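Observations on chain architecture
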Amino acid sequence: MLVANDVGIMYVSGGSETWAVRHAFVRIAQGEMVILEGPSGSGKSSLLYILSGIRPPSEGQVLYCGQPIGRPVDRQTVMHRYTEFGFVFQQHFLVGYLTATENACFGRRRSSVPRAREILTQFGLGSKLNAYPRELSHGERQRVAVARALVHEPRIVFADEPTASVDTELAHEICQWLKAYCGRGNSCIMVTHDSRLRMYADRIYAMEDGVVSESSQSQRTAHSGVRALGGRP
Amino acid sequence: MAVSKPMTESRVPVVRIPGASILMPAPWLFFLRNKAKSIPLFMLVSLSVVVIVSVGAMTDSVLTTAYRSSVRFFEQASTIVSKQAGIESDLVERVALIPSVGSMIPFLDSAVRVEGLLGSEPRHVLAVRACDADSVLNALGLTVRRGRLPEPGMPEIAIHEDIAKSRKTRIGSVIGREVDPRDYLWGAFVVSGILSGEAPICIASLDYFEKQWMASTGDQHYAYIVFPKAGELRSANDALSRLPDTAVSIATIDTEMQKYRSEYANTRLFLWITDLLVVVIVSVAMGLVNTIYFHGRLREFALMAATGRTPSQLLARVMSEVLALASVGYCAGLAVAQMVLWALSAGVFSSRGIAIEYVSLRSAALAAPVPVLLSMFSTATIGYSLYTLDFVSIMEGKDSC
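Notes on the structure in this doc start here. (Residues numbered from 1 in each chain as written. Chains lettered and ligands numbered in written order. Predicted model: local features only at pLDDT ≥ 70, side-chain atom pairs only at ≥ 80, totals over all residues. Heavy atoms only, no water.)

**What to know about the overall build of chain B**
This is how it is decided: Each helix is a run of H or I in the DSSP string that is no shorter than four residues. Each strand is a run of E no shorter than two, and both are numbered from the N terminus. In this treatment the radius of gyration is a C-alpha quantity, and the globule benchmark scales as 2.2 Å times the residue count to the 0.38 power. Note on classification: 1.4 Å probe, protein chains only; a residue is buried when its accessible area is under 20% of the maximum for its type, exposed when over 50%, partly exposed between these limits.
Assigned secondary structure in chain B consists of 14 helices and 10 strands. For 401 residues, the compact-globule estimate of 2.2 N^0.38 gives 21 Å, and the C-alpha radius of gyration of chain B, at 32 Å, exceeds that figure by more than 25%. The dimensions of chain B, computed from C-alpha atoms along their principal axes, are 110 × 45 × 40 Å. Among the 401 residues that make up chain B, the fraction classed as buried is 51%.

**Looking at the nonpolar core**
Formally: We define a nonpolar core as any set of buried Ala, Val, Leu, Ile, Met, Phe, Trp, Tyr and Cys residues linked to one another through side-chain atoms lying within 4.5 Å. Here a residue-residue contact requires only that any non-hydrogen atoms of the pair lie within 4.5 Å.
In terms of nonpolar packing, the biggest core is built from 80 residues, with L2, L47, L51 and F158 of chain A touching the most fellow members. Among the elements that take part in this core, helix α11 (residues 311-349) of chain B stands out by supplying 9 residues, more than any other. When near neighbours in sequence (up to four residues on either side) are disregarded, L51 of chain A contacts L2, A4, V26, V62, I69, F158 and I189 of chain A. L94, A201 and I204 of chain A together with M24 of chain B belong to the second-largest nonpolar core, a separate cluster that totals 41 residues.

**Topic: the packing of aromatic side chains**
All names here are of chain A. Condition: Between rings of Phe, Tyr and Trp, where Trp is taken as its six-membered ring, a pair exists when centres lie within 6.5 Å; planes separated by under 30 degrees are stacked, by over 60 edge-to-face, and by other angles tilted.
Applying the stated criterion across every chain, the model contains 14 aromatic pairs over all chains. Geometrically, the ring pair formed by F87 and F158 is stacked, given 5.7 Å between the ring centres and 20° between the ring planes. Of this pair, F87 sits in strand β6 (residues 85-88) while F158 sits in strand β7 (residues 156-160); the two residues are 71 residues apart in sequence, bridging distant segments of the chain. Take F87 and F158: they sit in the same class, and that class is buried.

**Regarding a nonpolar patch on the surface**
Here is the rule we go by: Like-charged residues are merged into a patch within 9 Å and nonpolar side chains (Val, Leu, Ile, Met, Phe, Trp, Tyr) within 5 Å, provided each residue has over 30% relative accessible area and no salt bridge. For the accessible areas, the method is Shrake-Rupley and the probe is 1.4 Å, while residue cover comes only from the protein chains on display. Counted as salt bridges are all cases of a side-chain nitrogen of Lys or Arg within 4 Å of a carboxyl oxygen of Asp or Glu.
Residues L269, I273, L277 and I281 of chain B make up a contiguous nonpolar surface patch of about 390 Å² in total accessible area. Secondary-structure assignment places L277 of chain B in helix α9 (residues 265-295).

**Remarks on the environment of S241 of chain B**
All names here are of chain B. What counts here: Residues adjacent in sequence count toward polar contacts only when both atoms are side-chain atoms; beyond that, a polar contact is any pair of N or O atoms within 3.5 Å, and within protein one must be able to donate a hydrogen and the other to accept it.
Within the fold, S241 resides in the loop between α7 (233-240) and β10 (248-251). Residues S241 and T252 lie 11 residues apart in sequence; the distance between their C-alpha atoms is 8.7 Å. There is a polar contact of 2.5 Å between the side chain of S241 and the backbone oxygen of D238.

**Thoughts on the pattern of salt bridges**
Evaluation of the coordinates by the stated rule reveals 30 salt bridges over all chains. With a shortest N-O distance of 2.8 Å, R155 of chain A and E84 of chain A are connected by a salt bridge. Of the two residues, R155 of chain A is situated in the loop between α5 (138-150) and β7 and E84 of chain A in helix α2 (residues 75-84); the sequence distance between them amounts to 71 residues. By relative accessible area, E84 of chain A is classed as buried at 2%. With its nearest N and O atoms 3.1 Å apart, the salt bridge here joins E118 of chain A to R115 of chain A. One end of the pair is E118 of chain A and the other is R115 of chain A, both in helix α4 (residues 113-122) and 3 residues apart, which spans about a single turn. One salt-bridge network, in which partners are shared between bridges, spans E115, R167, D180, R182 and D183 of chain B.

**So, the side chain of H172 of chain A**
Residues and elements named next belong to chain A. Looking at where H172 falls in the secondary structure, it is placed in helix α6 (residues 168-182). Polar side-chain contacts of H172 include one of 2.8 Å to the side chain of Y200. When residues no more than four places from it in sequence are discounted, the contact partners of H172 are R196, L197, M199 and Y200.

**Here we look at the side chain of N237 of chain B**
Within the element layout of this structure, N237 of chain B appears in helix α7. Ignoring sequence-local partners within four residues, the contact set of N237 of chain B consists of S78, T252 and I253 of chain B.

**A short note on the packing of α11 of chain B against helix α13 (residues 369-387) of chain B**
Residue and element names in this part refer to chain B. Threshold: Angular values range over 0 to 180 degrees, each being the angle between N-to-C directions of two axes fitted as lines to C-alpha atoms, with helices fitted over their stretch in contact. For classification purposes, an angle smaller than 35 degrees is called roughly parallel, one larger than 145 roughly antiparallel, one from 65 to 115 roughly perpendicular, and anything else oblique. The sense of a crossing depends on the near helix, which, turned anticlockwise from the far helix by less than a right angle, makes the crossing left-handed and, turned clockwise, makes it right-handed. Amino acid classes used here: Ala, Val, Leu, Ile, Met, Phe, Trp, Tyr, Cys and Pro are nonpolar; Asp, Glu, Lys and Arg are charged; the rest, including Gly, are polar.
The interhelical angle for the contact between α11 and α13, taken along N-to-C directions, is 155°, at an axis separation of 9 Å. Here α11 lies roughly antiparallel to α13, going by the angle between them. In this structure, α11 meets α13 at a crossing whose hand is right-handed. Where α11 approaches α13, its residues P311, S312, L314, L315, V318, M319, V322, L323, A326, S327 and Y330 are matched on the opposing element by P371, L374, S375, M376, S378, T379, I382, G383, L386 and Y387. Considered class by class, the residues forming the contact of α11 with α13 number 15 nonpolar, 6 polar and no charged.

**Some points on the packing of helix α2 (residues 35-70) of chain B against helix α8 (residues 253-263) of chain B**
All names here are of chain B. In the contact formed by α2 and α8, the axes pass within 11 Å of each other and the chain directions differ by 150°. One finds that α2 runs roughly antiparallel with respect to α8. Two packed elements cross with a definite hand, and for α2 against α8 that hand is right-handed. Two secondary-structure elements touch here, α2 through L63, T64, A66, Y67 and S70 and α8 through I253, E256, M257 and Y260. Its residues placed into classes, the contact of α2 with α8 shows 6 nonpolar, 2 polar and 1 charged.

Any functional reading would require information that these geometric values do not contain.
Spelled out as structure tokens, the structure:
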């Protein structure tokens, strides 16, 4: 579904060039949950942004369904980000003047409201559908952020350390939701430095100093304890 | 579990981004839920519309009154006025023989002063024979509301009700230069009647005027009102314009309109300058405030960009938000302006005989650039930031919501 061929990204700072990612080969198949792990500063987020079409690679090419992903502002790339991809960022980035439901539907059609309510209810926020971000706990805000990534049923969810600032229980819940979502024929790539979440991965890529390698510990089965995320009939 | 979107590896699905107008949040939601931010902007727009519309309506009042007083008469008739002691009889006959001329009425002209919106303004006094008075009243759309027209040969005058209010006179009062030196109306005239209708003028007795005329013109009259046949004003005026200009002055709708436009050119200029200044000041002020607000919402716009919005769509979003607020402010401004004008009219001007125009299509149109330019200016100031928005850097930052 998504393939990165020899991609890399270079940053220029103060006249010196730094390769954050170099010669990366990544493959995400349909229905797969992929974990991209590594220490802070290893280039995980940079690779994620390249894969999702948010940042252009300095070298190499990313293919989505066999077609190269263009520059971030190209209309086709923007369209993919809107309809095909979902994003969970490390911080929730909820909009302060919108309710939980409205945040989950952010940038979507009004017709997505029932689906947003359904997901939020499944995430345990049924009583806080109309609450504003300031009325939600940090964990609740992150759940809304996950709901926002799933409401339009994207084919690939890109999650940039969605569990970084939540407790262990919620971290597992988020992974379970994403795993269940992949079980419906969609895919997910999640950046994390938490090795306890490897159990959810179908494929694991490890990163260190911008170099990607597929982990030998990729686990093909991680269904124990996974709670089903209801989908459209 | 069902797979909601089956797809193949080989084909990129065709996707379309819906227009910004149907996406959440609605364009008005930010300002609706951030009243501390929206109310000052709303007030700014509304007040600017009130200023423009009020100034426009008052200027319209001045112009309309001046038009009714000085020009409207010439929509129905023209005048010829002697440049000497009187108009020769052969010239009178020549005019009477013009095929498009219906009738000629001898008259004399004077004026009284009233206090208008822009200070002291003249109001015409037409001195006509008693037998011709009805024709003149009909041509001007006037009726006798109270009292009667002046008796022939008597120092009497019938005045329009607005003039009566302005001068605080009523039937039996005396007006003229003897009681008010600002009047051109020579002598002292007793108010015999009150006229109502669109043209704010006075009617006096021609017999009395001629009796008081210092240099007698004998059988000759000094001036005539020339009524054309129905629908033949243009051809009658064309014929009159060919009369020898050494003998008479011709006043037609064209000459009077020219005078009127020239006289009130500065009034119009004042209106346009006021309009332009207010629009520019408000647009710039609101554009800058909006830019500040936008920088407080960078994460929101970065999120939109990251999750699938082109810079153009973000720009359309900004414009629709500002336009929504500005349009509501514009409508509220019109409503407030209407109330202000009504209050001014009822409380101040009506009792002084000054007619105030309410909000008209023209005055509303004068204020229309406020929401339009304001949206454009705001969009322009924010546009550059949007097109250079590095949303990845913003998304990589820390949120403090």
